[in-house]
Amino acid sequence: MAAGSPAEYISHHIQNLTWGKHPDGTWGFAHGPQEAAEMGFMAINVDTMFWSLLTGVVFCWLFRKVAVSASVEKPSRWQHCVELVFEMVVGSVRDAFHGHNKIIGPLALTIFVWIFLMNLMDLVPVDFVPYVSHLVGIEYMKMVPTTDVNATFGMSLSVFALMIYYGIKVKGPGGFLGELAFHPFGKALLPVNLVLETVSLIAKPLSLSLRLFGNMFAGELVFVLIAALVPFWLQWALSVPWAIFHILVITLQAYIFMMLTIVYLSQSHESHDSH
Amino acid sequence: MNMNLTLIGQAISFAIFVWFCLKYVWPPVLKALEERESRIADGLAAAERGKHELELAEQRAGDVIRDGKDKAQDFITQAQKRADEIVEAAKATAREEAERIKAAASAEIEQNRNQARDELRAQVARLAVSGAEQILMREVDEKAHREVLDKLAANL
């Protein structure tokens, strides 16, 4: 798809399909990055939503199918796969989570599998889906939801909300604020504590989402660069090793997101004093 | 890198997926896994129990065999003793019988001897009488001399 210069090709591939409110008040798809930026917050990335919902539904459907037919005696192959993932998640929660909360397990499982599936879209060759959607008249199509910062922030802010909710629920509002105010230096240095703890609290969702976004965006960009700059008969020499390496990256990123969520929520469930 | 409504859409779908997982995926799979774990544990316990029971049964079987051997030995000893007794009893009976037969025989012999002696004695007396008759050439009055003759016969 060498329609235009490499720079145009690249910027086309990193542009989401955005539907929103134009500055003149009408609603519609953005034609180009400029228009998408002008829409501001009142816009939605249709491709991100579509692919993330699709992968999420695939996750729910697949796991529900196994859950319904789960056999104790004769597990099917799918059940084996699901159980493998399941036991990995259960083991991680058991190791890292020191509270009692029945939402942690399903939360960790959803995060791991969903992020993994969204990341997996990265391994689909960069031009397949955009080309097909171009043929049916869709201008932009970015099919890896985790390369959209909205998607990763959507998840990390949800986790952040849970952190604060359980922090207040378990420790009480006083305990939660006390932790922000009286650590790590004691009551004498309250303002310093407040600044330090607030920064470290805010840094958690920020690092969570930006780590995932950065890794996936960079990975996708490398694929796009290879496709843009290398002649088509040589692309495999670079894209295949990168894809193989990327299998590790997408799994690792899903695992890190899950693990950090467990750890952060575990911190919300235990007070500093007990350390 | 525009922040927009996708953020909220994503958070909502995330919440829905987590809820779905919590409600419809997590419990059944966890149940299946736990049930399998408990079944494996039960199976291992049953195997352990079976092994223990086998050991007990082997021990019991050994006891029974030993018991049987002891009893058989007793039977053999008793039978031998009884056989010895029977043989001894038979021997004793035989000895008694032999004694008895011997006694009867010797009594008979004694009787025959006495009889023969009596006959012999009578004959000798008769011979002596006839001899004396011939020597004296005259009739001896048997009736008159009966006493003498009987005395003579008794002394023979």
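Residues numbered from 1 in each chain as written. Chains lettered and ligands numbered in written order. Predicted model: local features only at pLDDT ≥ 70, side-chain atom pairs only at ≥ 80, totals over all residues. Heavy atoms only, no water.

*Asks:* Give me the lowdown on the overall build of chain B, citing residues and values where you can.
*Replies:* Within chain B, the secondary structure is distributed over two helices and zero strands. Relative to its length of 156 residues, chain B is extended, with a C-alpha radius of gyration of 61 Å against a globular reference of 15 Å. In terms of its C-alpha atoms, chain B occupies a principal-axis envelope of roughly 195 × 20 × 15 Å. Out of the 156 residues in chain B, the part that is buried amounts to 14%. Of the roughly 12400 Å² of accessible surface on chain B, 59% is carried by carbon and sulfur atoms. Counting 24 positive and 28 negative side-chain charges, chain B places the centres of these two groups 3 Å from one another. (Helix = DSSP H or I, 4+ residues; strand = E, 2+ residues; numbered from the N terminus. Rg over C-alpha atoms; globule rule 2.2 N^0.38 Å. Buried < 20%, exposed > 50% of the residue type's maximum accessible area, 1.4 Å probe, protein only. Areas by Shrake-Rupley, 256 points an atom, 1.4 Å probe, with all protein chains shown as cover. Lys, Arg positive; Asp, Glu negative; His and termini not counted. Charge placed at Lys NZ, Arg CZ, Asp CG, Glu CD.)

*Asks:* Any details on the overall build of chain A? Residues and values, ideally.
*Replies:* Helix and strand counts for chain A come out as nine helices and three strands. For chain A, the succession of helices and strands along the chain, N to C, is α-β-β-α-β-α-α-α-α-α-α-α. Summarising its shape, the C-alpha atoms of chain A cover approximately 65 × 60 × 40 Å along the three principal directions. Looking at the 275 residues of chain A, the share that counts as buried comes to 47%. Considering only residue pairs separated by 6 or more positions, chain A has 69% of its internal contacts joining residues 24 or more positions apart. Of the roughly 13600 Å² of accessible surface on chain A, a fraction of 72% belongs to carbon and sulfur atoms. Counting 13 positive and 18 negative side-chain charges, chain A places the averaged centre of each group 13 Å from the other. (Contact = heavy atoms within 4.5 Å.)

*Asks:* Explain the interface of chain B and chain A residue by residue, including any values.
*Replies:* Residue-level contacts link 29 residues of chain B with 52 residues of chain A. Taken over both partners, the interface formed by chain B and chain A buries close to 3600 Å², and the fraction arising from carbon and sulfur atoms is 76%. At the junction of chain B with chain A, the criterion picks out two salt bridges. Across the pair Glu73(A) and Arg39(B) runs a salt bridge, and its minimum N-O distance is 2.2 Å. Counting every contact that joins chain B to chain A gives eleven residue pairs in polar contact (both at pLDDT 80 or more). Residue classes in the side of chain B that touches chain A are distributed as 20 nonpolar, six polar and three charged. (Buried area = accessible area lost by both parts, 1.4 Å probe. Salt bridge = Lys/Arg side-chain N within 4 Å of Asp/Glu carboxyl O. Polar contact = N/O pair within 3.5 Å; in protein donor to acceptor, adjacent residues only side chain to side chain. Nonpolar A, V, L, I, M, F, W, Y, C, P; charged D, E, K, R; others polar.)

*Asks:* Requested: an account of the packing of helix 5 (residues 104-120) of chain A against helix 1 (residues 6-136) of chain B, with residues and values cited.
*Replies:* Between helix 5 of chain A and helix 1 of chain B, the least distance of the axes is 9 Å, while the angle of their chain directions is 120°. As the angle between them shows, helix 5 of chain A and helix 1 of chain B are arranged oblique. Every pair of crossing elements has a handedness; the one defined by helix 5 of chain A and helix 1 of chain B is right-handed. For the pair formed by helix 5 of chain A and helix 1 of chain B, the contact residues are Gly105(A), Pro106(A), Leu107(A), Leu109(A), Thr110(A), Ile111(A), Trp114(A) and Met118(A) on the first element and Gln10(B), Ser13(B), Phe14(B), Phe17(B), Val18(B), Cys21(B), Leu22(B), Val25(B) and Trp26(B) on the second. (Axes fitted to C-alpha atoms, helices over the stretch in contact; angles between N-to-C directions. Parallel < 35°, antiparallel > 145°, perpendicular 65-115°, else oblique. Left-handed = near helix turned anticlockwise from the far one by under 90°.)

*Asks:* Any details on the side chain of Asp47(A)? Residues and values, ideally.
*Replies:* Counting through the fold element by element, Asp47(A) comes out in helix 3 (residues 46-68). There is a polar contact of 2.9 Å between the side chain of Asp47(A) and the backbone nitrogen of Leu17(A).

*Asks:* An account of helix 5 of chain A is needed here, citing residue identities and associated values.
*Replies:* Between its first and last C-alpha atoms helix 5 of chain A spans 24 Å; for 17 residues at 1.5 Å apiece the expected length is 24 Å, and the two agree. Buried residues dominate helix 5 of chain A, accounting for 15 of its 17 residues. (Expected span 1.5 Å × (residues − 1).)

*Asks:* Before we move on, could you go through the pattern of salt bridges and cite the residues and values that matter?
*Replies:* Residue and element names in this part refer to chain B. Taken as a whole, this structure holds ten salt bridges over all chains when the rule is applied. When the shortest N-O distance is used, the salt bridge between Arg39 and Glu35 registers 3.1 Å. Here Arg39 and its partner Glu35 are both found in helix 1, four residues apart, which amounts to about one turn of the helix. For Glu35, a relative accessible area of 28% gives the class partly exposed.

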